[in-house]
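# Fold and geometry: a report
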Amino acid sequence: MRDFFTILGGMGTMATESFVRQLNKRTPTHADQDYLNYILYNHATIPDRTAYILDRSKPNPIPLLQEDIRQQNILQPSFIVLTCNTAHYFFDDLQKETKIPILHMPKEAVKQIRREQITGKVAFLGTEGSVKAGVYENELKEQGIDYLIPSQELQAKINHLIYQDVKENDYINLELFFEILADTKKLGCEAVILGCTELSLVAEYIDCEHEYKIFDAQSILVDRTIDRALSLRNK
């Protein structure tokens with residue numbers, strides 16, 4: 001297979017399935033041959049990234065992620081897609097393992113916010129690991145975007161949605177999702193960035209009009225992946 005890319009997912013699996021579903025749905029197609037060439041690594045047994053970032057005595061996901069990259073070096077894809085936001089804390093360690101470019105989801109998401117010229121405050125919604133690691137905070141600062149990091153109370157709601165609802169019970173809790181969005185609005189935020197793929201999975205199920213400006217990092221990554229893959233095909 002030529003002109004293909006690899007997807008390093010499984011963190012978690014349902015969120016990765018959402019990424020692939022959106023990827024296939026948005027690819028312009030009229031025949032089987034129009035779909036993109038890719039290989040999916042659904043490495044579900046990688047230790048929890050947030051647990052390790054918050055407590056270094058927990059199992060370390062880095063060696064397994066590095067091993068995954070080395071395996072992909074053998075396949076020689078044109079590029080690699082990493083579908084876990086929190087795992088981007090280890091991005092530099094992973095990119096050192098390969099000369100193959102790895103798409104950087106937080107960078108792409110924040111670039112999109114800048115393109116749309118959002119001038120108000122943007123709330124970051126993601127795991128505690130991403131918050132502590134500054135995965136998005138660093139990118140937002142670099143682009144000069146005013147942002148909000150959730151309070152402990154708001155973060156507790158986000159944690160519940162990500163872990164108890166989606167990861168543990170495969171439950172799409174739209175009521176809690178919109179409650180979180182309403183909280184950010186009350187705090188004066190113009191927009192939110194969904195910096196966890198479990199939140200992106202929930203957002204996929206929105207079927208009504210609403211007042212909130214959402215930047216879905218996974219959705220943006222889907223678009224950038226398609227752009228890059230089609231440019232390879234059209235060389």
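Residues numbered from 1 in each chain as written. Predicted model: local features only at pLDDT ≥ 70, side-chain atom pairs only at ≥ 80, totals over all residues. Heavy atoms only, no water.

The cut-off we apply is this: UniProt positions are given in the numbering used here, feature names are shortened, and annotations may be inferred rather than shown by experiment.
By the naming in an unreviewed UniProt entry, the chain is Aspartate racemase, taken from Enterococcus cecorum. Under the Sequence similarities (unreviewed entry) heading, UniProt states for the chain: "Belongs to the aspartate/glutamate racemases family."

## Here we look at unusual backbone geometry
Quick reminder of the rule: Helix numbers and strand numbers start at the N terminus; a helix is a DSSP run of H or I with at least 4 residues, a strand a run of E with at least 2. Only protein chains enter the accessibility calculation, which uses a 1.4 Å probe; a residue whose area is less than 20% of its type maximum is buried, one above 50% is exposed, and one in between is partly exposed.
Look at the link from Met11 to Gly12: it is a cis peptide, with omega at 0 degrees. Non-glycine residue Asp3 carries a positive phi angle of around 50 degrees. Among the secondary structure elements, Asp3 is positioned in the segment before β1 (5-9). On the basis of relative accessibility, which here comes to 46%, the residue Asp3 falls in the partly exposed class. One non-glycine residue, Asp170, lies in the positive phi region at around 50 degrees. If you trace the backbone, Asp170 turns up in the loop between α8 (152-169) and α9 (174-186).

## Side note on the packing of helix α5 (residues 105-115) against helix α11 (residues 217-233)
Selection criterion: Interaxial angles span 0 to 180 degrees and are taken between N-to-C directions of axes, which are lines fitted to C-alpha atoms, for helices over the stretch in contact. Orientation is classified from the angle alone, with under 35 degrees giving roughly parallel, over 145 giving roughly antiparallel, 65 to 115 giving roughly perpendicular, and any other angle giving oblique. Contacts: residue pairs with any heavy atoms within 4.5 Å of one another. Throughout, the ten residues Ala, Val, Leu, Ile, Met, Phe, Trp, Tyr, Cys and Pro are labelled nonpolar, Asp, Glu, Lys and Arg are labelled charged, and all others, Gly among them, are labelled polar.
Interhelical geometry of α5 versus α11 gives an angle of 95 degrees and a closest axis separation of 9 Å. Between α5 and α11, the crossing angle belongs to the class labelled roughly perpendicular. Residues Met105, Glu108, Ala109, Gln112 and Arg115 of α5 form the contact with α11, whose own contacting residues are Ala217, Gln218, Ile220, Leu221 and Arg224. Among the residues making up the contact of α5 with α11, the classes are represented as five nonpolar, two polar and three charged.

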